[in-house]
Amino acid sequence: MSDNPFVGVWTYRSLLNDPDLNTDFNDLEFGRGAIEIREDALQILTGTIGGPGWSLALKGSREYGTPMRARFQGVGIVGGEQWIYDYEGYLVSHWPNGVQQRAAIVGSVIRTIPHSGGEPGTVSPAGVVASFYAVKVG
């Protein structure tokens, strides 16, 4: 068992930052997948993030503090083109009276470079920012 609370497998979801309460929740989805953070040197963060049809190698850092912080970049080739996303997240503090609380990371993600969109002929532009949360599995 690791002393690093970030090490492990996390269920990842990201949502567009749309302030309109009338927007259907399903229309807010930006991404979903799994994060696996591996054991590494004290301040180093390495691992992968991915889902069906995509996978990015993670490289970055982590910091102890209140709250604990992780900052990392995901880089990979998806569908023959490069994808790069940057992430910054914070480990949610443990609630003393929490019931069935799971470890969670909350933060922000930005698409660093553009890539093809989900529909043929569309582009997913650089600079789009979304919020994310990741829940530790197991």
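Let me sum up the structure you'll find in this document.

1. Focus on the pattern of salt bridges
In step 1: Summed over all chains, the structure comprises 4 salt bridges.
In step 2: A salt bridge links Glu29 to Arg32; the nearest nitrogen and oxygen atoms lie 2.8 Å apart.
In step 3: Arg71 is the partner of Glu88 in a salt bridge, and the nearest nitrogen-oxygen pair spans 3.1 Å. With a gap of 17 residues between them, Glu88 in strand S6 (residues 81-91) and Arg71 in strand S5 (residues 69-78) connect regions that are remote in the sequence.
In step 4: With relative accessibility at 44%, the residue Arg71 sits in the partly exposed group.

2. Structural notes on the pairing of strand S4 (residues 54-63)
In step 1: Here strand S3 (residues 44-51) runs beside S4; their pairing, made up of 8 bridges, is antiparallel. Considered in S4, the bridge of Ile49 is made with Leu56.
In step 2: Between the antiparallel neighbours S3 and S4 lie 2 residues, among them Gly53 with a positive phi of about 85°.
In step 3: Strand direction decides the pairing type here: S4 and S5, joined by 7 bridges, are antiparallel.

Conventions used here
Every chain is numbered on its own, with residues counted from 1 as its sequence reads. In keeping with the model being predicted, local features are shown solely for residues with a pLDDT of at least 70 and side-chain atom pairs are shown and tallied solely at 80 or more, while totals for entire chains, interfaces and linings include all residues. Side-chain metrics rest on all non-hydrogen atoms present in the structure, leaving aside hydrogens and water. The term salt bridge refers to a side-chain nitrogen of Lys or Arg lying within 4 Å of a carboxyl oxygen of Asp or Glu. In DSSP terms, a helix is any run of H or I states spanning at least four residues, a strand is any run of E spanning at least two, and both are numbered starting from the N terminus. For each residue, the accessible area found with a 1.4 Å probe, counting protein chains only, is set against the maximum for its type, and the residue is called buried under 20%, exposed over 50%, and partly exposed in between. Only strands joined by at least two bridges in the DSSP assignment are considered to pair.

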